[in-house]
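Tertiary structure, described
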Amino acid sequence: MLPATFKLCAGISYRHLRNMTGLRRNAMVALHHELRRLAGPGPGPGSWTGQVRRRSSLLSSRVEEGRGYSEEELSYVKQGEDALQTAISILSEQGGWSLETEAANGDRVLSKTLPGVGKVFRLEVELEQRPAHLYQELVGNMERMGEWNPRVKQVKILQKVGRDTLVTHEVSGDTPGNLVGPRDFVSVRCAKRRGSTCFLAGMSTQHPQMPVQRGVVRAENGPTCIVLKPCRHDPNKTHFTWLLNVDLKGWIPKSVINQVLSQTQVDFANHLRQRMAEPASGGALQVG
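Report on the accompanying structure. This is a predicted model, so every value here is computed, not measured.

1. Let's talk about the overall build of the protein
Of regular secondary structure, the protein possesses 6 helices and 12 strands. The buried share among the 288 residues of the protein stands at 53%. A sequence separation of at least 24 residues applies to 63% of the contacts in the protein between residues at least 6 apart. Carbon and sulfur atoms make up 50% of the accessible area of the protein, which totals about 13,600 Å².

Spelled out as structure tokens, the structure:
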């Protein structure tokens, strides 16, 4: 299992990143092998992992842009790709999931505990919009998330690397009942579109512009990923999957953490529905 965090400090080297030919070959082989192994027949995650495989490697657009990147930039790219590969692997394992909560509208949060990763939560919902519209809101308008999601105070893009990789700083809002105080995160994000399926994966990282802030608890994201794919029964609607793995830090009982994280996912889906129902959210798309 790939580690949940990758550091940009001494003690961890990315020597293979200096050779783009080797990086391209090794990463493509690893991801293709993972998708072939995990994609199976029948309904479920195997269908979209199979689609990714048929659409060619998720790495292709990044490799074409990789020339001239610094070693630090390439390390961010590598972290984002590792987060995506790990998330796809977790989502493709259909066994062992337990139901955490199910809303009246059918929204469900599942969970399982994985060695080396910890507890992961999986939100499964259906949304009325096409994947491209949701992708534009979640990726193209990422820094505006605090306008419609009360669980988020701020999202700031610290650095972009090519078309697919972002480093962001997020500050969370208060939780209902103030069970968990505000946290901040520094994350690397890997955004991909292949055909009609969209991915937004991420994990915690470090960035020189955003060291740990005094008086603020720096939480950590493990492998996380949002997958947007057209519903089988109606391609104008989206099957929305969100894999969440978070270490909130601090002395918080596990029962409280489980409650907060599963409710956070359910609330996010509801706030996103409200946002997409606004007239301004249905405007022209400009997605790369």
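2. A look at the nonpolar core
With 37 residues, the main nonpolar core has L138, L228, F240, F268 and L272 as its most contacted residues. Put simply, the parts of the chain that give this core at least two residues each are β3 (118–127), α5 (131–140), β4 (152–161), β6 (183–194), β7 (197–204), β10 (224–230), β11 (238–244) and α6 (254–277). The element contributing the most residues to this core is α6, with 8 residues. With sequence-adjacent residues up to four places away left out, L228 is seen in contact with P131, L134, Y135, L138, S196, T197, C198, T238, H239 and F240. Core analysis: the next-biggest nonpolar cluster, separate from the first, contains 16 residues, L84, W97, L110 and C190 among them.

3. What about the pairing of β11?
Where burial is concerned, most of β11 is hidden: 6 out of the 7 residues are buried. With 7 bridges connecting them, β3 and β11 associate as antiparallel partners. Looking at β11, one finds that E124 is bridged to T241. Where β10 meets β11, 6 bridges bridge the pair, whose relative direction is antiparallel. Along β11, the bridge assignment pairs K229 with H239.

4. Points about the pattern of salt bridges
Within the structure shown, the criterion is met by 15 salt bridges. A salt bridge links E100 to K119, with the nearest nitrogen and oxygen atoms 3.0 Å apart. Taken as a pair, E100 in strand β1 (residues 98–102) and K119 in strand β3 lie far apart in primary sequence, 19 residues in all. The partly exposed category is assigned to E100, whose relative accessible area is 29%.

5. Comments concerning the packing of aromatic side chains
Overall, the coordinates contain 3 aromatic pairs when judged by the stated rule. With a centroid separation of 5.6 Å and 55° between ring planes, the pair formed by W148 and F268 is classed as tilted. With W148 in the loop between α5 and β4 and F268 in helix α6, this residue pair connects regions lying 120 residues apart in the sequence. The class of F268 is buried, set by a relative accessible area of 7%. Seen from their ring centres, W242 and F268 are 5.0 Å apart, and the 55° between their planes marks the pair as tilted.

Reading guide: rules and limits
- Residues numbered from 1 in each chain as written.
- Predicted model: local features only at pLDDT ≥ 70, side-chain atom pairs only at ≥ 80, totals over all residues.
- Heavy atoms only, no water.
- Helix = DSSP H or I, 4+ residues; strand = E, 2+ residues; numbered from the N terminus.
- Buried < 20%, exposed > 50% of the residue type's maximum accessible area, 1.4 Å probe, protein only.
- Contact = heavy atoms within 4.5 Å.
- Areas by Shrake-Rupley, 256 points an atom, 1.4 Å probe, with all protein chains shown as cover.
- Core = buried A, V, L, I, M, F, W, Y, C linked by side-chain atoms within 4.5 Å.
- Pairing = 2+ DSSP bridges.
- Salt bridge = Lys/Arg side-chain N within 4 Å of Asp/Glu carboxyl O.
- Phe/Tyr/Trp six-rings, centres within 6.5 Å; stacked < 30°, edge-to-face > 60°.

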